[in-house]
Amino acid sequence: GAVVSQHPSWVICKSGTSVKIECRSLDFQATTMFWYRQFPKQSLMLMATSNEGSKATYEQGVEKDKFLINHASLTLSTLTVTSAHPEDSSFYICSARGAAKVVQFFGPGTRLTVL
Amino acid sequence: GENVEQHPSTLSVQEGDSAVIKCTYSDSASNYFPWYKQELGKGPQLIIDIRSNVGEKKDQRIAVTLNKTAKHFSLHITETQPEDSAVYFCAARPLLSGGSNYKLTFGKGTLLTVNP
């Protein structure tokens, strides 16, 4: 299957700081990228969907000013958690889908811990 | 919107036995059903998918069946091995042409444990 990478794989930061997570599709052009959050022993919760060159569409209850998403190219999307707080600690996973709009591939995830 | 129910939440089998995980969905517009395997601390990995024009699909020890009339689909793993131990998620989504951002709706997951 296609490869999606994320960086960093884990990050620890102090409360009030901002953290940027990168998501890259390595061997295909990702026309649509998704960002999910997953708490322990729970399912994946979709945060937002973005198309290359367009503003992201956020799910209900997700603060767009807190979780900034940029999808500037067909291979890169970034999620910036601004002014992070301990309740933002979670496993963040990106996902990408190509122009055929069928299969959706997931990255390895980023573990964010906010102290 | 779509609602996907997944059962059981946990499943423990002996190595070599078969494992079956079942999902139901509510939206008749859904016609794409992928299954993902997630190991601890990792992202979900697509293991098999099925579209509504097919009733069954098989890939080595893994098979998926779909009953669109009853709105349910199942994952079957035969000859289970310890490395099959993971959380499995089913999902559903409309598969239509066009530019819409059709979203996957996930089940809550099944923790499969294969005992040696």
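Now for a quick tour of the structure. (Residues numbered from 1 in each chain as written. Chains lettered and ligands numbered in written order. Predicted model: local features only at pLDDT ≥ 70, side-chain atom pairs only at ≥ 80, totals over all residues. Heavy atoms only, no water.)

What follows concerns the interface of chain B and chain A. Every contact between the two is made by 23 residues of chain B and, on the other side, 22 residues of chain A. As a salt-bridge pair, K103(B) and E59(A) come within 3.1 Å of each other at their nearest N and O atoms. Counting every contact that joins chain B to chain A gives six residue pairs in polar contact (both at pLDDT 80 or more). When residues of the side of chain B that touches chain A are traced back to their parent elements, those giving at least two are β4 (32-38) and β5 (45-51) of chain B. When grouped by side-chain class, the residues that make up the side of chain B that touches chain A number nine nonpolar, eight polar and six charged. (Contact = heavy atoms within 4.5 Å. Salt bridge = Lys/Arg side-chain N within 4 Å of Asp/Glu carboxyl O. Polar contact = N/O pair within 3.5 Å; in protein donor to acceptor, adjacent residues only side chain to side chain. Helix = DSSP H or I, 4+ residues; strand = E, 2+ residues; numbered from the N terminus. Nonpolar A, V, L, I, M, F, W, Y, C, P; charged D, E, K, R; others polar.)

Residues and elements named next belong to chain B. Looking at chain direction, strand β6 (residues 56-59) and strand β7 (residues 62-67) are connected through four bridges and run antiparallel. Bridged to K58 within β7 is A63. Two successive antiparallel strands, β6 and β7, enclose a turn made up of two residues, where Q60 displays a positive phi of approximately 55°. (Pairing = 2+ DSSP bridges.)

What follows covers the sheet that holds strand β8 (residues 72-77) of chain B. All names here are of chain B. Spatially, the five strands line up as an open sheet ordered β1-β3-β8-β7-β6, and their pairing is antiparallel. Looking at strand neighbours, the two that pair on one side only are β1 (4-7) and β6, the edges of this open sheet. With strand direction ignored, the average angle separating the axes of adjacent strands in the sheet is 15°. Two elements, β7 and β8, share six bridges in a ladder whose sense is antiparallel. Counted as the bridge partner of N67 is H72 from β8. (Axes fitted to C-alpha atoms, helices over the stretch in contact; angles between N-to-C directions.)

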